[in-house]
Amino acid sequence: MGKLLALSVCFCFLVLGASSISFRQQPEENACQFQRLNAQRPDNRIESEGGYIETWNPNNQEFECAGVALSRLVLRRNALRRPFYSNAPQEIFIQQGRAYFGLIFLGCPSTYEEPAQQGRRHQSQRPPRRFQGQDQSQQQQDSHQKVHRFDEGDLIAVPTGVAFWMYNDHDTDVVAVSLTDTNNNDNQLDQFPRRFNLAGNHEQEFLRYQQQSRRRSLPYSPYSPQTQPKQEDREFSPRGQHGRRERAGQEQENEGGNIFSGFTPEFLAQAFQVDDRQILQNLRGENESDEQGAIVTVRGGLRILSPDRKKRQQYERPDEEEEYDEDEYEYDEEERQQDRRRGRGSRGSGNGIEETICTASFKKNIGRNRSPDIYNPQAGSLKTANELNLLILRWLGLSAEYGNLYRNALFVPHYNTNAHSIIYALRGRAHVQVVDSNGDRVFDEELQEGHVLVVPQNFAVAGKSQSENFEYVAFKTDSRPSIANLAGENSFIDNLPEEVVANSYGLPREQARQLKNNNPFKFFVPPSEQSLRAVA
């Protein structure tokens, strides 16, 4: 009996341990064999009336190795990124701007309710729905899930299958960089990023690359892009620009390009209990102009129900409200709770009660306007977001860091023990070197603003700023990435006995001591005196 109990306990620990760390699938064989790494630039732009989306080719070997896809979104004034969801989790870093966003968790309550009368506090209970036969003159107040604010430097976590939207209510363009983790175990489809649009009739941002991948020789999968119905069986118009698909010269009823477009009007009329033809047509993406796209311009601005310190519970236009972030209002208490969780020790120690999905935090500011985790006044700063300070990242299996490196300062050679690092250059430029397991430099170039460099797991990387400031965000494919420094205080060399250093590198004891102790810095190394004289 005792042996059986012990075996059961061991089995439980194995299951719990596997569930807490098994976030990613393995890449294809030889996907991470590199003779050379390349800094990648976006190679496709999809224009919309309210902005545009740029994408990097996910078929590039570097992205296939890391199992990720990257895109960049630009929202102009009064622009709405229409709702969509993805087949894999996302991390979105706000490079510029301040605006609204929403995440729709099905099953969570609608906690924001429009007041019954303008200027009056809303009722605590949701107004009853109108059923068939009820007087249509009755006006139902709007209610919806929480609307959030984001600022420059915020990192937003978006779980798989969760609908997401954005709206820019300011004059400054919003620039958002999004990483999609297609190798995540939450993605049960093939390793290709998909956007399931919930409105409109526009091109999927990664569709171009999906069509290219159909020509590749891949093993059969019922979800593979290769396995499309034969042309004679059914014709597809992936973009649906004009909302028309034909078969044998007859116009088909399927029109549009969003998730509702494939359902017949009869199904939708019954599902939504509406019989207005225009409602159904617009729902299915018909009557769309080619210019609208994924980002539409809201004429006169979007009406947002949002808490405000002076006009709480009022329904007003966002450009009239005080500059106020309702998430930031509760920031201190949230940080205190997270600090308490951090003090509990081992990974997976949470009991699941501290934070439910309906009240979870989905963003954290890691930009330059927050106190950094690592700081050297002569060299730079670093701020991280991981499962310890943004709990939702444990679910996603992702993390990120923001770095700011001053001119001629260096971040020491280091590697990630358990994650790939996808470095996106935000501003400035830096000379970056990456070394593989054979000791070969696979990257030795300047990384410029807007470029992306994938550093595979365990590849060593170092960088030196070539501009006044080199700012970057590094997305990591683990929720609690571990960094091993190869130089400086508390590094690999620093923690070896002098005798081991001397005999490993064939050095006299005094030189071995210099190698160990000459650099007192942990991560950022200030410019050398020679560099400072050169600048002067």
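Relevant structure appears above.
Let me begin by describing the structure that accompanies this report. Sequence order as written defines residue numbering, which begins from 1 separately in each chain. Residues qualify for local features only when their pLDDT is at least 70, as the model is predicted, and side-chain atom pairs are given and counted only at 80 or more; totals for whole chains, interfaces and linings, by contrast, use all residues. No hydrogens and no water enter the side-chain calculation; it runs on all heavy atoms of the structure.

The next point concerns the overall build of the chain. Across its full length, the chain carries 11 helices and 31 strands. Residue exposure (1.4 Å probe, protein chains only): buried if accessible area is under 20% of the type maximum, exposed if over 50%, otherwise partly exposed. Burial status across the chain gives 46% buried among its 536 residues. Put simply, 76% of the contacts in the chain that link residues at least 6 apart link residues at least 24 apart. Only the protein chains shown count as cover for residues, with accessible areas throughout obtained via the Shrake-Rupley method and a probe of 1.4 Å. Here the chain has roughly 28000 Å² of accessible surface; of this, 47% comes from carbon and sulfur atoms. Helix and strand definitions here come from DSSP, where helices need a minimum of 4 consecutive H or I residues and strands a minimum of 2 consecutive E residues; each element is numbered from the N-terminal end. We call two residues in contact whenever any of their non-hydrogen atoms come within 4.5 Å of each other.

Moving on to the sheet that holds strand E1 (residues 44–48). At least two DSSP bridges between two strands are required for those strands to pair. On the basis of which strands lie adjacent, the open sheet formed by 7 strands has the order E1-E2-E3-E12-E5-E10-E19 and antiparallel pairing. Two strands close off the open sheet at either side, each with one partner strand: E1 and strand E19 (363–365). Put simply, the sheet's adjacent strands are angled 20° from each other on average, direction ignored. Relative to strand E2 (residues 51–55), E1 is paired through 5 bridges, and the arrangement is antiparallel. Fitted lines through C-alpha atoms give the axes, limited to the stretch in contact for helices. The angle between two N-to-C directions lies from 0 to 180 degrees.

On to the environment of Val 177, then. Secondary-structure assignment places Val 177 in strand E12 (residues 174–180). Not counting the four nearest positions on each side in its chain, Val 177 is found in contact with Leu 70, Ser 71, Arg 72, Glu 91, Ile 92, Phe 93, Gln 95, Tyr 424 and Phe 475.

Turning our attention to the sheet that holds strand E27 (residues 452–455). Spatially, 6 strands are ordered E20-E21-E22-E29-E24-E27 in an open sheet, and the strand pairing comes out antiparallel. Lying at the two open borders of the sheet, with one neighbouring strand each, are strand E20 (374–376) and E27. Along the sheet, successive strands turn relative to each other by an average axial angle of 15°, direction set aside. As defined by bridge partners, strand E24 (residues 421–427) adjoins strand E29 (residues 469–476) across 6 bridges and the pair is classed as antiparallel. Bridged to Arg 427 within E29 is Glu 471.

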